[in-house]
Amino acid sequence: MSEERGLLRGISWHECFPWLILFRATLIGFYLRVLLLAYLGVCLLSLGHWIGLHLFGSWVAQGAEPVLASSPTHFLTLIQEGLKGENPFQPIFPVPTFGGLLVFLYYSLWYIATFAIFGGAISRIAAMEFSVNDRCGLKGALSHSLRKFVSYILSPIFPMIGVTMLMVILLVFGLINWLGPWAAVITGIFGFLAVLVSIGIGMLVVPLILGWPLMWGAISTECSDHFDALSRCYAYVTQRPFHYLWYLLVSLVAGLVGYFAMNLLVGTSLAALSTGLQWGQGLDQTEAILTHSVAGPIWRFWYHVVERLVPAYSFGYFFAVFAGIYLLLRRDVDQAEMDEIVLDEDQPRFAMPALNKDLGEEDSSTEDDAT
């Protein structure tokens, strides 16, 4: 008697390795509607910088830049420099001035508002693609982000309000110490309160810096408010830190592939544009056009239009891939299926098929004849 053997007909790689869906974000970043939204977002950020330079030019020149505009590596460098200091009371960040606080608020609100509109729309498109493999149009994505605009805005602002309130407590300790060494002795007895407050600030800031894009994924997937997005962000980052780190590494690899492809596309397009124009007009005429007061800025503008496709792709891929990371972390922590997503009220549903009226009438007539 021959022994029966099972035949392996296929492997569901996405069930074995669910993080493979993050590579789909590379393709989602090339969707025309995603590129359009990301392009508008990048242009709006550039417009915000231009307005900020004209409104707060002198303060910006003094280094009053927002934390949101700084890179994570720059933030870590500041932390490391502060830890190397021999003086324990040496501040890592300089004492903020009125101009610095005003510039910080302006840029921060501009960034968050831009991310809320265009990042929220891109996250919604990606969440629909990842979860139910359904197409979310440009109009539906923008209507979702505008409807949830307040939630997107308040999600990262609420922790910063808590940090500000805790910093006021430390400021009070500093004001008391300003009275003299005898006052520092009194506050030193209650120094454990300042230590607890500082640890609380760290517990608020670190998960916020590492996981704030997950708030966009939460609101885009659950259609919830900022409280739910905030709680999910902190819970997923703290409960599954190594999963989150692995997803970030996979996202980095997938993003480099798309970034290289977009750079290749933009570089080839600009080379073709420059070569075709120079072959037609010659080098002398090209220099004359570029130095002209009107023609030069116009043609440089069109060059910049093509160049902005690279940061636009990065913008779109960033919010798309974090929507996928949110779904994966939700699956790990809450054991929720990937296809669980809350649809908008105006989102079309798949209705049950209509009954065949003619077939029903024919069956009833057949029964009558049989009786």
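Residues numbered from 1 in each chain as written. Predicted model: local features only at pLDDT ≥ 70, side-chain atom pairs only at ≥ 80, totals over all residues. Heavy atoms only, no water.

**A short note on the overall build of the protein chain**
How we decide: Starting at the N terminus, helices and strands are each numbered in turn, a helix being any DSSP run of H or I of at least four residues and a strand any DSSP run of E of at least two. Accessibility here uses a 1.4 Å probe with only protein chains present; expressed as a share of the type maximum, an area under 20% marks a residue as buried, one over 50% as exposed, and anything in between as partly exposed. Throughout, a contact is declared for two residues whenever any of their heavy atoms are within 4.5 Å. Throughout, the Shrake-Rupley method with a 1.4 Å probe supplies accessible areas, and for residues the shown protein chains are the sole cover considered.
Helix and strand counts for the protein chain come out as 16 helices and zero strands. Counting over 371 residues, the protein chain shows a buried share of 35%. Within the protein chain, contacts between residues at least 6 apart in sequence are counted, and of these 83% link residues at least 24 apart. With an accessible surface of roughly 23,000 Å², the protein chain has 69% of that area assigned to carbon and sulfur atoms.

**Quick word on the packing of helix H13 (residues 241-290) against helix H14 (residues 295-307)**
Put simply, the rule reads: For helices, the fitted line uses only the C-alpha atoms of the stretch in contact; every axis is such a line through C-alpha atoms, and the angle between N-to-C directions lies from 0 to 180 degrees. Here is the rule for angles: anything less than 35 degrees is roughly parallel, anything more than 145 is roughly antiparallel, 65 through 115 is roughly perpendicular, and the remaining ranges are oblique.
Remark: H13 packs on H14, axes separated minimally by 11 Å, with the N-to-C direction vectors making an angle of 170°. In terms of their interaxial angle, H13 and H14 are classed as roughly antiparallel. Counted together, Val266, Ser269, Leu270, Leu273, Ser274, Leu277, Ile289 and Leu290 of H13 and Ala295, Gly296, Trp299, Arg300, Tyr303, Val306 and Glu307 of H14 form the full contact between these two elements.

**Considerations on unusual backbone geometry**
For Cys223, which is not glycine, the phi dihedral falls at a positive 55°. Along the polypeptide, Cys223 turns up in the loop between helix H11 (213-222) and helix H12 (226-239). Taking the relative accessible area as the measure of exposure, Cys223 reaches 17% and is therefore buried. One non-glycine residue, Gln335, lies in positive phi territory at about 55°. Along the polypeptide, Gln335 turns up in the loop between helix H15 (309-334) and helix H16 (357-370).

**Re the packing of aromatic side chains**
What counts is decided by this rule: Classification of ring pairs rests on two measures: the distance between centres of Phe, Tyr or Trp rings, Trp counted by its six-membered ring, which must be within 6.5 Å, and the angle between planes, read as stacked under 30 degrees, edge-to-face over 60 and tilted in between.
Per the stated rule, a full pass over the model turns up 19 aromatic pairs. Between Trp212 and Trp216, the aromatic rings sit 5.5 Å apart at their centres with planes inclined by 80°, giving edge-to-face as the arrangement. Like Trp216, Trp212 is buried. On the numbers, 4.9 Å between centres and 55° between planes, the contact of Phe318 with Phe322 is tilted. Of this pair, Phe318 and Phe322 both sit in helix H15, four residues apart, which is roughly one turn of that helix. Under the relative-accessibility criterion, Phe322 is labelled buried at 10%. Here the aromatic cluster, defined as three or more aromatic residues joined through ring pairs, consists of Tyr111, Phe115, Tyr152, Trp212, Trp216, Phe315, Phe318, Phe319 and Phe322.

**Considering the packing of helix H8 (residues 149-177) against H11**
Using the following cut-off: What makes a crossing left-handed is the near helix being turned counterclockwise from the far one by less than a right angle; a clockwise turn instead makes it right-handed.
Look at H8 against H11: their axes get within 10 Å of each other, and the N-to-C directions meet at 145°. For H8 against H11, the interelement crossing comes out right-handed. Facing H8, whose interface residues are Ser151, Tyr152, Ser155 and Pro156, H11 presents Met215, Trp216, Ile219 and Ser220.

**Considering the nonpolar core**
Basically, it comes down to this: What makes a nonpolar core is a set of buried Ala, Val, Leu, Ile, Met, Phe, Trp, Tyr and Cys residues whose side-chain atoms join them at distances within 4.5 Å.
In terms of nonpolar packing, the biggest core is built from 69 residues, with Phe115, Ile122, Leu214, Phe315 and Ile325 touching the most fellow members. Mapped by element, the contributors of at least two residues to this core are helix H2 (24-28), helix H3 (32-55), helix H6 (98-131), H8, H11, H12, H13 and H15. Counting residues per element, this core draws most heavily on H15, which supplies 16 residues. The residues contacting Ile122, other than those within four sequence positions of it, are Val34, Leu37, Ala38, Phe315, Gly316, Phe319 and Ala320.

**Describing helix H7 (residues 138-147)**
Here is the rule we go by: To obtain the arc, one takes the directions from the helix axis to the C-beta atoms.
Along H7, the residues that are buried comprise Ala141, His144 and Ser145. Projected down its long axis, H7 carries its buried residues within an arc of 95°, all on one side. Facing away from the buried side of H7 by over 90 degrees, the exposed positions are Lys139 and Leu146.

**Here's the deal with the side chain of Arg33**
Note the threshold: Counted as a polar contact is a pair of N or O atoms within 3.5 Å, where, for protein atoms, one must be capable of donating a hydrogen and the other of accepting one, and residues adjacent in sequence contribute only when both atoms are in side chains.
In this structure, Arg33 sits in helix H3. In this structure Arg33 comes out as buried when scored by relative accessible area, which is 13%. Among the polar contacts listed, one links the side chain of Arg33 to the backbone oxygen of Cys136, at a separation of 2.9 Å. Apart from residues no more than four positions distant in its own chain, Arg33 is found in contact with Ile125, Glu129, Arg135, Cys136, Gly137 and Leu138.

**Some remarks on H11**
Across the 10 residues of H11, 10 count as buried, placing the element largely inside the fold. Burial in H11 covers these residues: Pro213, Leu214, Met215, Trp216, Gly217, Ala218, Ile219, Ser220, Thr221 and Glu222. Cys223 occupies a position one or two residues after H11 and carries a positive phi of about 55°.

**Quick look at the confidence of the model for the protein chain**
It should be kept in mind that the predicted coordinates are not to be read in detail where pLDDT is low. This is how the line gets drawn: The predictor attaches a confidence to each residue, called pLDDT, with possible values from 0 through 100.
Summary statistics for the protein chain give a mean pLDDT of 80 and a share of 77% for residues scoring 70 or more. Summarising per-element confidence for the protein chain, the mean pLDDT is lowest in H16 (50) and highest in H15 (92). Here residues 63-75 is modelled with pLDDT under 50, and outside its nearest four sequence neighbours on either side it reaches 13 contacts, counting other chains as well. Across residues 349-357, where pLDDT falls below 50, the model places two contacts with residues more than four positions away in sequence or in other chains.

**A word on the environment of Val306**
Structurally, Val306 can be placed in helix H14. Measuring from C-alpha to C-alpha, the distance between Val306 and Leu270 comes to 7.3 Å, with 36 residues separating the pair along the chain. Ignoring any residue separated from it by four or fewer positions in sequence, one finds Val306 in contact with Val266, Ser269 and Leu270.

**Quick look at the pattern of salt bridges**
Filter applied, for reference: Salt bridge, as used here, is a side-chain nitrogen of Lys or Arg placed within 4 Å of a carboxyl oxygen of Asp or Glu.
Summed over all chains, the structure comprises six salt bridges. Linking Glu129 and Arg24 is a salt bridge whose minimum nitrogen-to-oxygen distance equals 3.3 Å. Remark: Arg24 occurs in helix H2 and Glu129 occurs in helix H6; sequence separation between them is 105 residues. By relative accessible area, Arg24 is classed as partly exposed at 26%. For Asp228, the salt bridge is made with Arg232, and the minimal N-O distance between the two is 2.8 Å. Taken as a pair, Asp228 and Arg232 lie in helix H12 at a separation of four residues, close to a single helical turn. Salt bridges sharing partners connect three or more residues here, namely Glu222, Asp228, Arg232, Arg330 and Asp334.

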